[in-house]
Amino acid sequence: MNYTIYPKPLSGVISAPSSKSIMHRVLICASFSKGNTIIENPLFSYDTVYTMNALESIGVTFKKEGDKLIVIPPKIYKFNNNIIECGNSGSTARFLIPLFTSLFTNVVFRGEKRLIERLDTSDLTELPAEILINEQTINIANINNINNVTIHNKNTSQLISGLLFLIAIVYQKGTLHLITPDDTLDPYIELTMDVLSNF
C-alpha cells in the first residue's frame, strides 16, 4: 500500500501539560496574596493535593470552576489543626516547614516513614529551631531569626525555596545566605524566585 504525503503548514492550538513544580509554588503564593487568584489548567496530583490540604488547614479556600481553580485567601489565617499531613510529598513538607512553623507554634508534619527518612537531612537541622524527628512525624517549635539565615545547598533546593517563601510572605525583606559548592544557582530556586516575582 502506497501513501502520498502532501506537506502543509501546521496550524491549531495545543495545551502544554501543567507543571507540578509550578503548581506547588503558585498555590502557596496565591494563598498569601491580596485578593483571589485564578489558576487556569491546574494540576491535581498526589503531591499538589497534599499542599492544597495543608493550605486549607489554615483557612485557604479552593473552588473548582471547569478547568480553573480559584484560590481564596482567608481574612485571618488560623490553624485548624497543628498536624500537617504530607503523605510522601517532600515538596509539601519542605516548602511549608519554614512558613508554617514561623506563623504558628508547635507544628507537626506527618508523613510516610520513607518521607521522614528523606527529610532527616543536614539542611533541615540548619534551621534555627527545635526539631524532633520521629518515625512518622517531625515536630518543629521555637523557630526564630529566620529572616536572616545561612543554609548549605547540599541536599535539596526545596527547603531553600521554602525559606524564600517565608522571607517574601512573612517578612517582606530578609537575607538568605546560600552556600553552594560551585556558586551556581539551582534552576528550581530560580523557578521559585520567578513565581514570587510574578506575584
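As shown above, the structure is provided for reference.
This structure is a prediction, so every number in the text was calculated from the model and none was measured. (Residues numbered from 1 in each chain as written. Predicted model: local features only at pLDDT ≥ 70, side-chain atom pairs only at ≥ 80, totals over all residues. Heavy atoms only, no water.)

## Things to note about the pairing of strand β5 (residues 107-111)
Logical step 1: Buried residues dominate β5, accounting for 4 of its 5 residues.
Logical step 2: Both strand β4 (residues 83-87) and β5 contribute to a ladder of 4 bridges, which runs parallel. The residue of β5 that forms the bridge with isoleucine 84 is phenylalanine 109.
Logical step 3: Pairing of β5 with strand β7 (residues 137-141), which is carried by 4 bridges, proceeds in the antiparallel orientation. Counted as the bridge partner of arginine 110 is threonine 137 from β7. (Buried < 20%, exposed > 50% of the residue type's maximum accessible area, 1.4 Å probe, protein only. Helix = DSSP H or I, 4+ residues; strand = E, 2+ residues; numbered from the N terminus. Pairing = 2+ DSSP bridges.)

## Some details on the nonpolar core
Logical step 1: Formed by 49 residues in total, the largest nonpolar core has its most connected members in Leu55, Phe100 and Phe109.
Logical step 2: Among the elements that make up this core, the one with the highest residue count is helix α6 (residues 158-171) (7 residues).
Logical step 3: In contact with phenylalanine 109, other than residues within four places in its own chain, are Ile84, Cys86, Ala93, Leu96, Ile97, Phe100, Thr101, Ile116, Gln136, Thr137, Ile138 and Ile140. (Core = buried A, V, L, I, M, F, W, Y, C linked by side-chain atoms within 4.5 Å. Contact = heavy atoms within 4.5 Å.)

## As for the sheet that holds strand β6 (residues 130-133)
Logical step 1: With respect to topology, 4 strands assemble into an open sheet ordered β4-β5-β7-β6, the strand pairing being mixed. At either margin of the open sheet sits one strand with a lone partner, and together these are β4 and β6. Across this sheet, the average inter-strand angle for adjacent strands is 15°, counted without regard to direction.
Logical step 2: Sheet topology places β6 next to β7; 4 bridges connect them, and they run antiparallel. When the sheet's bridge partners are listed, glutamate 130 is paired in β7 with alanine 141. (Axes fitted to C-alpha atoms, helices over the stretch in contact; angles between N-to-C directions.)

Limitation: the analysis is restricted to geometry and does not speak to function.
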